[in-house]
Amino acid sequence: MKSLAEFVKERRKEVNLTQGEFAERAGVALTVVRKIEQGKKNLNMDKVNIVLMMFGHELAPVNSKEIDK
C-alpha cells in the first residue's frame, strides 16, 4: 500500500505540476503540499482532504482489520 506522501507526489507529477502550481490549483498553501509529500505526521486533515479531492479521493477512517486482507 502506498503512503499518502507517495500517492500525492506521484499523482502530482503525473499531471506535470510543480508543488507550487499544485498548491495554487488546490487552494492550499505550498507548505501544505510540501508537508504531505515529506510524510509529516502532524497534518491538518481538512487540508489533506482538499489536496486529495484534486484526485477524486478523501481521507476516511478504515478498520485496520480490513487493511490486512
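Each residue is numbered by its place in its chain's sequence as written, counting from 1. Residue-level local features of this predicted model are given only where pLDDT is at least 70; pairs of side-chain atoms are given and counted only at 80 or more, and the full residue set underlies all totals for whole chains, interfaces and linings. The basis for the side-chain values is all heavy atoms of the structure; hydrogens and waters are excluded.

**Some thoughts on the nonpolar core**
Alright, step 1. We define the nonpolar core as a collection of buried residues of types Ala, Val, Leu, Ile, Met, Phe, Trp, Tyr and Cys that are connected through side-chain atoms lying within 4.5 Å of one another. Per-residue accessibility, obtained with a 1.4 Å probe over protein chains only, is compared with the maximum for each type, and a residue is labelled buried under 20%, exposed over 50%, and partly exposed between these values. Counting 15 residues, the largest nonpolar core has Val-8, Phe-22, Val-28, Ile-36 and Val-51 as the members making the most contacts within it.
Alright, step 2. Only runs of H or I of at least four residues qualify as helices and only runs of E of at least two qualify as strands under DSSP, and these elements are numbered from the N terminus. Going through the elements one at a time, helix H1 (4-14), helix H2 (19-26), helix H3 (30-37) and helix H4 (45-53) are the ones with two or more residues in this core.
Alright, step 3. When checking whether two residues touch, look at their non-hydrogen atoms; a contact exists if any pair is within 4.5 Å. Residues within four places of Val-8 in sequence aside, it is in contact with Ile-36, Glu-37, Val-51, Leu-52 and Phe-55.

**Points about the UniProt feature "domain: HTH cro/C1-type" (unreviewed entry) in the protein chain**
Alright, step 1. In the numbering adopted here, UniProt assigns the feature "domain: HTH cro/C1-type" (unreviewed entry) to residues 8-62.
Alright, step 2. A distance of 19 Å separates the end C-alpha atoms of residues 8-62, which is 58% helix and 0% strand. UniProt positions are given in the numbering used here, feature names are shortened, and annotations may be inferred rather than shown by experiment.

**Quick notes on the packing of aromatic side chains**
Alright, step 1. The pairing test for Phe, Tyr and Trp rings, Trp by its six-membered ring, is centres within 6.5 Å, and the orientation test on the planes gives stacked under 30 degrees, edge-to-face over 60, and tilted for anything in between. As enumerated under the stated definition, the model contains two aromatic pairs in all.
Alright, step 2. Consider the rings of Phe-7 and Phe-55, whose centres lie 5.8 Å apart with planes at 85°: the pair is edge-to-face. Residue Phe-7 is located in helix H1, and its partner Phe-55 is located in the loop between H4 and helix H5 (64-67); the two are separated by 48 residues in the primary sequence.
Alright, step 3. Residue Phe-7 is classed as buried on the basis of its relative accessible area, which comes to 18%.
Alright, step 4. Since its relative accessible area comes to 13%, Phe-55 is described here as buried.
Alright, step 5. When the ring of Phe-22 is compared with that of Phe-55, the centres are 5.4 Å apart and the planes differ by 10°; the resulting orientation is stacked. Remark: Phe-55 occurs in the loop between H4 and H5 and Phe-22 occurs in helix H2; sequence separation between them is 33 residues. Considered together, Phe-22 and Phe-55 belong to a single accessibility category, that of buried residues.
Alright, step 6. Among the aromatic residues, those joined into a ring-pair cluster are Phe-7, Phe-22 and Phe-55.

**Focus: H1**
Alright, step 1. Among the residues making up H1, those that are buried are Ala-5, Phe-7, Val-8 and Arg-12. All buried residues of H1 project into a common sector of 165° when viewed along the axis, lining one side.
Alright, step 2. Where H1 ends, the next residue or the one after it, Asn-16, has phi of about 55°, a positive value. To obtain the arc, one takes the directions from the helix axis to the C-beta atoms.

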